[in-house]
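Below, each chain spelled out in residue letters.
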Amino acid sequence: MDVPKFLELILRWAHVFAGIIWIGHLYFFNFVNVPFQGTIDKETKKKVNPFLLPRALWWFRWGAMITFLSGLGLFWKVYLSDGLLRDADGGMSDRAMWILFGMLLGTVMWFNVWFIIWPAQQKLIAWTRDGLAPPEQPALARKALLASRTNTYLSGPMLFGMLAGAAHYPSMQFGAFGIAVALGVFAIFSAIGHSKKVGQSI
Ligand code: HEM
């Protein structure tokens, strides 16, 4: 058995496993919970949200953290230690350009989770639990939703960066990059549009 390669496989697996947990919950929030919250009254919110949301947010933020840390580990192994950051001619490799693009978006998303969405939700959920509606509540709710929507839109192109970077499309050209970004954003745009209509009957 090639032990270093196998350890890399385990790291890669942990990265994708945690990524599924993170992005799965992000999509639950954006494609299921946002339209659902629009259909329930204040009393139901008070009964449901302080119990449901902290659980979902736990998986969400720790999924983000493990994805981020394992991603940095993969970057160190593949690009810095194994040297794939550079081509034979010394310039940055196409593969590195794809992964750095994906990592940039993923890092912005991780930042939004830990420094915008989670701190805002801690307050918003506590207010719902205590039946409070302070004046700053609507602005904070909008800020959290904006960060969450931003992450949802970034996730489409980000995943292209991850997959192309993992050598499934190891050349970087302007056309392919543009199509990847447009398709990634369009997929999210249409999923958000559908989320307002689908699944309302059995
Ligand atoms: C948060 C910041 C992130 C960083 C720093 C990061 C970094 C990386 C790195 C360095 C690789 C290896 C690429 C290679 O082998 O050349 C990778 C692969 C990958 N990442 Fe990420 N990533 C991040 C977020 C995510 C997220 C949110 C997902 C969502 C599921 C994700 C899914 C993947 C997938 C599917 C692969 C390819 C696995 C394969 O085909 O071997 N990553 N990532």
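For clarity, every value in this text was computed on a predicted model and none was experimentally measured.

1. A few points about the packing of aromatic side chains
Right, so step 1: For the structure on display, the rule yields 13 aromatic pairs.
Right, so step 2: Taken together, Phe68, Trp110, Phe111 and Phe115 form an aromatic cluster joined through their ring pairs.

2. A look at the site of the ligand
Right, so step 1: Taken together, 23 residues are adjacent to the ligand, and Arg12, His15, Tyr79, Met162 and Gly165 come closest.
Right, so step 2: Here Arg12 contributes a side-chain N or O atom positioned 2.7 Å from an oxygen atom of the ligand.
Right, so step 3: At 2.4 Å from an oxygen atom of the ligand is found a side-chain nitrogen or oxygen belonging to Tyr79.
Right, so step 4: Every element with two or more residues in the shell around the ligand is listed here: helix H1 (3-37), helix H2 (42-81), helix H3 (94-130) and helix H4 (137-168).

3. Looking at the coordination of the iron atom of the ligand
Octahedral metals with six donors have ideal donor angles of 90 or 180 degrees. Tetrahedral metals with four donors have an ideal donor angle of 109.5 degrees.
Right, so step 1: For the iron atom of the ligand, the protein coordination sphere consists of His15 (NE2) and Met162 (SD), at 1.9 to 2.2 Å.
Right, so step 2: Around the iron atom of the ligand sit six donor atoms; with metal-centred angles ranging over 83 to 179 degrees, the donor geometry is octahedral. Placement of His15 in helix H1 and of Met162 in helix H4 is noted, with a sequence separation of 147 residues between them. Taken individually, His15 and Met162 each receive the classification buried, so the pair is uniform in this respect.

4. Overview of the packing of H1 against H3
Pairs of packed helices are described in terms of their axes, by the angle between the two and the distance that separates them.
Right, so step 1: Where H1 contacts H3, the two axes come as close as 13 Å, and the packing angle between them is 65 degrees. Considered as vectors, H1 and H3 are oriented roughly perpendicular to each other. The handedness of the crossing between H1 and H3 is left-handed. Residues Trp22, Ile23 and Leu26 of H1 form the contact with H3, whose participating residues are Gly106, Met109, Trp110 and Val113.
Right, so step 2: Its residues assigned to classes, the contact of H1 with H3 shows six nonpolar, one polar and no charged.

5. What about the side chain of Glu8?
Right, so step 1: Positionally, Glu8 belongs in helix H1.
Right, so step 2: For Glu8, the side chain forms a polar contact with the side chain of Lys5, separated by 3.2 Å.

6. Looking at the nonpolar core
One recurring pattern in soluble globular proteins is that nonpolar side chains are buried together.
Right, so step 1: Of all hydrophobic cores here, the largest spans 31 residues; its most connected members are Trp22, Leu57, Phe60, Tyr79, Met109, Trp110 and Trp114.
Right, so step 2: Elements with a contribution of two residues or more to this core: H1, H2, H3 and H4.
Right, so step 3: By residue number, the principal contributor to this core is H3, which donates twelve residues.
Right, so step 4: The contacts of Leu57, once residues within four sequence positions are left out, are Phe29, Trp118, Gln121 and Ile125.
Right, so step 5: By size, the runner-up hydrophobic cluster in this structure holds five residues, among which are Leu124, Trp127, Leu140 and Ala144.

7. Points about unusual backbone geometry
Right, so step 1: Positioned with a positive phi, Ala167 is a non-glycine residue whose angle comes to about 70 degrees.
Right, so step 2: By the secondary structure assignment, Ala167 is in helix H4.
Right, so step 3: In this structure Ala167 comes out as partly exposed when scored by relative accessible area, which is 35%.

Cut-offs and rules
- Residues numbered from 1 in each chain as written.
- Predicted model: local features only at pLDDT ≥ 70, side-chain atom pairs only at ≥ 80, totals over all residues.
- Heavy atoms only, no water.
- Phe/Tyr/Trp six-rings, centres within 6.5 Å; stacked < 30°, edge-to-face > 60°.
- Near = heavy atom within 4 Å.
- Polar contact = N/O pair within 3.5 Å; in protein donor to acceptor, adjacent residues only side chain to side chain.
- Helix = DSSP H or I, 4+ residues; strand = E, 2+ residues; numbered from the N terminus.
- Donors = N, O, S within 2.8 Å, 3.2 Å for Na, K, Ca; no water.
- Tetrahedral: all angles 85-135°; square planar, octahedral: opposite > 155°, others 65-115°.
- Buried < 20%, exposed > 50% of the residue type's maximum accessible area, 1.4 Å probe, protein only.
- Axes fitted to C-alpha atoms, helices over the stretch in contact; angles between N-to-C directions.
- Parallel < 35°, antiparallel > 145°, perpendicular 65-115°, else oblique.
- Left-handed = near helix turned anticlockwise from the far one by under 90°.
- Contact = heavy atoms within 4.5 Å.
- Nonpolar A, V, L, I, M, F, W, Y, C, P; charged D, E, K, R; others polar.
- Core = buried A, V, L, I, M, F, W, Y, C linked by side-chain atoms within 4.5 Å.

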